[in-house]
Each structure stands twice: as C-alpha cells, then as structure tokens.
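# A closer look at the structure
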Amino acid sequence: MCKKDITEKNLEAWNDVFADIVNVLLFKGEKLVKETDLEADTKASMLKADGKIHEQERDVSKFWKNGEIRISILGFENQTAQDYNMPLRIISYDGASYKQELLDKKLKQKYPVATLVLYFGTKTKWTAPKKLHDCFKIPDKLKPFVSDYKINVFNIAWLSDKTISMFKSDFKFVAKYFQTKRKNQKYKPTKEEIKHVDSLLKMFSALTGDNKFEKLYNEGNYKYVKGGVTMCEIVQSFIDEGIEQGKAQGIAQGKAEEKAQLIRRMLDENFATPQQIAGLLKISVREVKKIASKIPAEA
C-alpha cells in the first residue's frame with residue numbers, strides 16, 4: 001500500500017501538474033495558480049492519540065504563495081475506492097495544519113487550508129459521506145451544536161470533455177483514460193507529447209493495479225528517446241507487445257489444432273484405434289476423444 005501511495009502522488013508532485021489540477025477543478029481553467037508560486041509542504045503533521053504521537057501525511061501538499069497577501073495550502077487525496085471515513089481523515093489533516101500554524105512563532109500571517117479528494121472510481125460516482133455529519137447518527141436536538149465539515153470530492157472519470165480539454169499538463173491523459181474506461185469505450189490516444197513519462201506511467205500502474213505501464217517504461221528506454229514520447233507511442237507499444245504474445249499463443253494453438261486434425265484423420269481413416277493413439281501420444285483415451293471432437297468428422 002505504501003508503494004502505491006508513493007507512485008500515485010509522484011505525478012501530482014510536479015508543480016506544473018499540481019497547478020493545472022487546481023486551476024481546472026477549482027477555477028474552471030483560469031490560471032490563477034502558477035507553478036512558480038508553489039513550493040513543497042512538509043506534508044507530515046503530528047496527532048496525539050492514546051497517549052502516543054502519530055504522524056499523518058497527505059498524498060501531496062503545496063504552499064501557494066500569492067504575492068505577499070496570503071499563503072494557502074492545498075493537499076490532494078487520491079482515492080481508487082470510496083472511503084466512508086474520508087471527512088474524518090480530512091478534518092484531522094486540516095486541523096493538524098492549523099495546529100502547526102498556531103505553534104509556528106515565525107509565521108507572520110495565518111493562512112487557510114484547502115484539501116481536494118480526487119476519486120478515480122469508474123463504476124459509480126462518489127457516494128460515501130462528503131460531510132462530517134453524515135458519518136454519524138446525531139440526535140436532531142444535538143445536531144446544531146456539532147460543527148459540520150464538508151470535503152471537496154472530484155469524480156475524475158465523470159469529468160466532461162470540455163473540462164478535460166482545459167488541462168494542459170500530463171494530468172489530461174489520466175483524466176481522459178478514466179473517462180474512457182468509465183464509458184467502456186476504446187481509448188483513442190493523441191500525438192501530444194508527455195512531459196513526465198515515468199511519473200505518468202507509474203501513476204497509471206498504481207491507479208489501475210496493472211504493472212504493464214511501469215514495465216513498459218522500464219523496458220522501453222523512453223528516458224533516452226529524443227523529441228518526447230506521445231500516448232500514441234505508448235499505446236502502440238502495448239499493441240506490439242500484444243502481437244508478440246499473440247504470435248506465441250498462435251504457434252502453440254496451431255500445434256494443438258494440427259494434433260487434433262491428425263487424430264481426427266487417423267480415426268476417420270481407421271489408421272488406429274483411440275487406444276492405440278492414446279498409447280502413441282501417452283495420453284488417456286478420454287483425452288484423445290476430447291481432442292478429436294474439436295474437429296468435425298469427414299463426411
């Protein structure tokens with residue numbers, strides 16, 4: 001699980017990708033966040049529970065330096081499965097960030113905290129709680145006194161074509177892939193160049209559970225390719241690999257068909273009995289009849 005988390009957040013850790021996701025999902029494509037205005041957050045925060053100190057960590061977290069007016073912190077949580085305790089997790093992360101602000105004596109100005117949950121599920125949209133109140137059974141008379149806390153969930157596979165077209169970073173390949181998977185359509189790659197090939201393929205491997213993406217990068221020497229790599233080339237590599245596997249399977253299948261045709265002919269021409277063929281091929285009589293049944297008897 002730890003390795004999966006590391007590879008998931010690898011792509012989004014790039015400032016151009018991080019800024020792109022925030023600008024599209026929060027600001028409808030308006031380029032308010034510049035990659036040069038982002039710096040890495042320490043991400044880790046401390047939580048005291050059961051008399052012990054526990055470390056918490058967001059998937060990705062950045063400081064947004066908007067001039068000298070304010071500093072914001074934005075964190076991502078990547079989800080491939082729905083988490084019914086997500087509001088509790090987010091409030092603990094955000095609360096720990098505010099706690100750090102209170103303890104930072106050098107901090108001249110307090111800053112707000114915003115956390116985004118990127119959900120990559122393709123079967124249904126996020127149906128788990130989006131508010132803290134939904135995580136509990138709260139008596140109606142008590143509810144006004146229990147502070148609520150909402151989380152910001154974005155269903156990546158349900159983004160529209162218009163929204164996906166706003167992405168300018170490598171995240172557009174991720175969004176389009178999951179949208180296509182959700183629609184159960186054939187993925188149509190483009191000739192747009194990928195900037196962070198290694199990070200993108202590792203993220204695909206982590207989110208899909210299919211290591212062929214990472215294997216492709218390791219065996220394809222893409223880091224030595226001049227002029228950039230496109231999704232067309234990535235998909236073509238998968239096709240080429242499939243053809244090679246198909247050839248190998250075809251040869252094996254061809255041999256099996258030849259064996260079946262030979263057995264069928266020997267039986268039809270009365271060259272040998274099933275028992276004799278079984279003895280010759282060192283298989284059971286039942287297997288001989290099963291193989292022969294795959295080929296129609298000659299009229």
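Cut-offs applied
Residues numbered from 1 in each chain as written. Predicted model: local features only at pLDDT ≥ 70, side-chain atom pairs only at ≥ 80, totals over all residues. Heavy atoms only, no water. Helix = DSSP H or I, 4+ residues; strand = E, 2+ residues; numbered from the N terminus. Buried < 20%, exposed > 50% of the residue type's maximum accessible area, 1.4 Å probe, protein only. Contact = heavy atoms within 4.5 Å. Areas by Shrake-Rupley, 256 points an atom, 1.4 Å probe, with all protein chains shown as cover. Arc of directions from axis to C-beta. Expected span 1.5 Å × (residues − 1). pLDDT = per-residue confidence, 0-100. Pairing = 2+ DSSP bridges. Phe/Tyr/Trp six-rings, centres within 6.5 Å; stacked < 30°, edge-to-face > 60°. Patch = residues over 30% accessible without salt bridge, like charges linked within 9 Å, V, L, I, M, F, W, Y side chains within 5 Å. Salt bridge = Lys/Arg side-chain N within 4 Å of Asp/Glu carboxyl O.

Turning our eyes to something else, we now look at the overall build of the chain. Looking only at helices and strands, the chain features 10 helices and 9 strands. Residue burial in the chain is summarised as follows: out of 299 residues, 39% are buried. Residue pairs at least 24 apart in sequence account for 62% of intrachain contacts in the chain once pairs closer than 6 positions are excluded. Entry remark: accessible area of the chain is about 18,500 Å², with carbon and sulfur atoms responsible for 52%.

On to helix 10 (residues 285-292). All buried positions along helix 10 are accounted for by Val 288, Ile 291 and Ala 292. The buried residues of helix 10 occupy one face: seen down the axis, they fall within an arc of 95°. For helix 10, the exposed residues lying more than 90 degrees away from the buried face are Arg 286, Lys 289 and Lys 290.

What follows covers helix 6 (residues 197-208). Because an α-helix packs 3.6 residues into every turn, residues spaced three or four apart end up facing the same way. Its 12 residues give helix 6 an end-to-end C-alpha distance of 16 Å, which sits within 8% of 16 Å, the value for a rise of 1.5 Å per residue. Helix 6 sits mainly inside the fold: 9 of its 12 residues count as buried. Of the residues one or two after helix 6, Gly 209 is the one with positive phi, at around 75°.

Before going further, it helps to spend a moment on the confidence of the model for the chain. The predicted model of the chain has a mean per-residue pLDDT of 78, with 72% of residues at 70 or higher. For residues 1-8, every residue scores under 50 in pLDDT, and the model assigns this stretch 11 contacts once sequence neighbours within four places are set aside. For the stretch residues 43-56, pLDDT sits under 50, and the model shows 26 contacts to residues farther than four places along the chain or on other chains.

This brings us to the pairing of strand 4 (residues 60-66). Among the 7 residues in strand 4, 5 count as buried, and that is most of the element. Here 3 bridges tie strand 1 (residues 38-40) to strand 4, and the two strands are oriented antiparallel to one another. Bridge pairing in strand 4 links Ala 40 to Lys 62.

This part takes up the packing of aromatic side chains. This model, assessed by the stated rule, comprises 9 aromatic pairs. Centroid distance Phe 63 to Tyr 111: 5.6 Å. Interplanar angle 85°. Geometry classified as edge-to-face. Here Phe 63, found in strand 4, pairs with Tyr 111, found in the loop between helix 3 (86-103) and strand 6 (113-119); they are 48 residues apart in sequence, far enough to count as distant. Side by side, Phe 63 and Tyr 111 carry an identical accessibility label, which is buried.

A few words on a nonpolar patch on the surface. Taken together, the side chains of Leu 88, Ile 91 and Phe 136 define a hydrophobic patch exposed on the protein surface, amounting to about 230 Å² of accessible area. Mapped onto the elements of the fold, Ile 91 is located in helix 3. The partly exposed category is assigned to Ile 91, whose relative accessible area is 30%.

Okay, the pattern of salt bridges next. All told, the structure shown has 7 salt bridges when counted by the stated rule. Here Lys 65 and Glu 39 are joined by a salt bridge, their closest N and O atoms 3.5 Å apart. Residue Lys 65 is found in strand 4, and its partner Glu 39 is found in strand 1; the two are separated by 26 residues along the sequence. When its relative accessible area of 32% is taken as the criterion, Lys 65 is described as partly exposed. The class for Glu 39 is partly exposed, based on a relative accessible area of 36%. Among the ionic pairs, Lys 172 bridges to Glu 192, the shortest N-O distance being 3.9 Å. Of this pair, Lys 172 sits in helix 5 (residues 171-183) while Glu 192 is found in the loop between helix 5 and strand 8 (193-194), placing the two residues 20 residues apart along the sequence. Owing to a relative accessible area of 11%, Lys 172 belongs among the buried residues under this scheme. The class of Glu 192 is partly exposed, set by a relative accessible area of 39%.

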